[in-house]
Structure formats: structure tokens, C-alpha cells
Amino acid sequence: MIRTPSRPVRVGVALVGVAGALSLAGCGAASTAADTGSTQTDAGTADAGSGSSSSGGYADGTYTAEGSYATPESVETVTVTLTIADDIVTDVEVTGNPQARESEQYQSQFIGGISDEVVGKSLDDVSVSRVSGSSLTSGGFMQAVELIKSEAAA
């Protein structure tokens, strides 16, 4: 008979892994890619495309950041690219790198529905908790949005 760890044990192990990853995120040095103008840290990436200033609190442009979230099986990441004009999200692109088969399904559902949730909204009003049946992916998405907000702040 094969014994597998109970769900609370798996969740605990996943949370410990995420906590470790987050604590190590501050240990890495930031590097700048001169040819693309992007800045990358261990916590995520932010790429300021056009740096023109908007009328509000965020600079117009296209920004990219990475966010992560824990599932019972793994730690997953999503890359978020937002285009901002006059503090409004005009375009969104999310790409995933699923480690588990179930994550692939949920990330796909999330990617299929996220545009309807954020395009046309003020960047400050972007807040998602569940998109097309996917709730965990939203955590990684919102983590990336927070990084983008800090990079785009004028």
C-alpha cells in the first residue's frame, strides 16, 4: 500500500516553499538589461516600454512583470504585460508557465477571461480574485500588477 501525505501536510509544505522563495527574493541583486531597457529582480520584472508621462499618476507605456502563487502541487508563475494610457489599462497579456497539468487548465481559463476584467479600467481599480473559475492564478496576477504600479508611478 502506498501512503501519500494528507492534504494539510501538502499545503503546509507548499506554504513553506513559498515563504522560502519570498524570503530569498530580497537576497538577489537587481540587473539591468541595457539592450531592452528592462529591469529585472528576483521578485519579478518590469519593463517600461514608452516612458511618456500621462495626465494622472502613472506614466503611459507597456509594462511587464512576473507574479507567483502556490498551488497544492507546486509554485506557479505568470507573466503579465499591461499597456497603460492616461492611467487606464488599454491592453493586457498574460502568459503562464504551468508546472502541473491542473495549473495549465486554470491558467488557460484565466488568460481567456482576464481581458474582460481589466481592459478599460483605471490601473488603481484593477483587482481580480477569481477569473473564469481560476482563483489561485489571480494571486500571481495581482502580485505582478503591484510591481507594474510601482514601476509606472510617475
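Residues numbered from 1 in each chain as written. Predicted model: local features only at pLDDT ≥ 70, side-chain atom pairs only at ≥ 80, totals over all residues. Heavy atoms only, no water.

**Quick word on the packing of helix 2 (residues 101-118) against helix 3 (residues 136-152)**
Two quantities define a packed helix pair, namely the angle between the axes and the distance from one axis to the other. Note the cut-off: The angle between two axes is taken between their N-to-C directions and runs from 0 to 180 degrees, where each axis is a line fitted to C-alpha atoms and a helix contributes only its stretch in contact. Only DSSP runs of H or I covering at least 4 residues are called helices, and only runs of E covering at least 2 are called strands; the numbering of each starts at the N terminus. By the definition adopted for this analysis, an angle is roughly parallel if under 35 degrees, roughly antiparallel if over 145, roughly perpendicular if from 65 to 115, and oblique otherwise. For any pair of crossing helices, the crossing counts as left-handed if the nearer helix is rotated counterclockwise from the farther one by less than a right angle, and right-handed if it is rotated clockwise. Residues count as neighbours in contact if any of their non-hydrogen atoms are within 4.5 Å of one another. Residues are grouped as follows: nonpolar covers Ala, Val, Leu, Ile, Met, Phe, Trp, Tyr, Cys and Pro; charged covers Asp, Glu, Lys and Arg; every other residue, Gly included, is treated as polar.
One can describe the packing of helix 2 onto helix 3 by two numbers: an axis separation of 10 Å at closest approach and a directional angle of 55°. It follows from the interaxial angle that helix 2 and helix 3 lie oblique. As for how helix 2 packs across helix 3, the hand of that crossing is right-handed. Taking contact as the criterion, the partners of Tyr-106, Gln-107, Phe-110, Ile-114 and Val-118 in helix 2 are, on helix 3, Thr-137, Ser-138 and Phe-141. Looking at side-chain class alone, the contact of helix 2 with helix 3 contains five nonpolar, three polar and no charged residues.

**Regarding helix 3**
Under the convention used in this document: Any helix carries an expected span of 1.5 Å times its number of residues minus one. Burial classes: relative accessible area under 20% of the type maximum marks a residue as buried, over 50% as exposed, and values in between as partly exposed (1.4 Å probe, protein chains only).
In a regular helix each residue adds 1.5 Å, so 17 residues correspond to 24 Å; helix 3 covers 25 Å between its end C-alpha atoms and thus fits that length. For helix 3, the full list of buried residues reads Thr-137, Ser-138, Gly-140, Phe-141, Met-142, Ala-144, Val-145, Ile-148, Lys-149 and Ala-152. Looking at the buried positions of helix 3, the neighbouring elements they touch are strand 4 (61-70), strand 5 (75-85), strand 6 (88-96) and helix 2.

**Some points on the pairing of strand 6**
Inclusion rule: A pair of strands counts as paired when DSSP detects no fewer than two bridges linking them.
Pairing analysis gives eight bridges linking strand 5 to strand 6, with the strands arranged antiparallel. Each bridged residue has a counterpart across the sheet, and for Thr-81 the counterpart in strand 6 is Glu-93. The antiparallel hairpin formed by strand 5 and strand 6 contains two residues in its connecting segment, where Asp-86 sits at a positive phi of about 55°.

**Remarks on the sheet that holds strand 6**
The strand order across the open sheet formed by three strands is 4-5-6, and the pairing between neighbours is antiparallel. Bordering the open sheet on either side are strand 4 and strand 6, each of which pairs with just one other strand. Sheet twist, expressed as the average angle between the axes of neighbouring strands with direction ignored, equals 25°. Looking at chain direction, strand 4 and strand 5 are connected through 10 bridges and run antiparallel. Bridged to Thr-64 within strand 5 is Thr-81. Its contacts with the sheet place helix 2 against strand 4, strand 5 and strand 6, and it is angled at close to 175° to strand 6. Helix 3 rests against strand 4, strand 5 and strand 6 of the sheet, and its axis sits at about 140° to strand 4.

**Focus on the confidence of the model for the chain**
Selection rule: On a scale of 0 to 100, pLDDT captures the predictor's confidence in every residue.
Residues with a pLDDT of 70 or more make up 63% of the chain, whose mean pLDDT is 75. In this model, residues 1-5 is a region of pLDDT below 50 whose contacts with residues beyond four sequence positions or in other chains number one contact. When the criterion is pLDDT under 50, residues 18-55 qualifies, and its contacts beyond four places in sequence or with other chains add up to 51 contacts.

**So, the side chain of Ser-74**
Put simply, the rule reads: Definition of a polar contact: a pair of N or O atoms within 3.5 Å, with one able to donate and the other able to accept a hydrogen when the atoms are protein atoms, and with sequence-neighbouring residues admitted only if both atoms are side-chain atoms.
Structurally, the position occupied by Ser-74 is in the loop between strand 4 and strand 5. A relative accessible area of 15% means that Ser-74 is categorised as buried. At a separation of 2.5 Å, a polar atom in the side chain of Ser-74 contacts the side chain of Glu-76. Leaving out residues up to four positions away in the same chain, Ser-74 has contacts with Tyr-69, Gln-99, Ala-100 and Ser-103.

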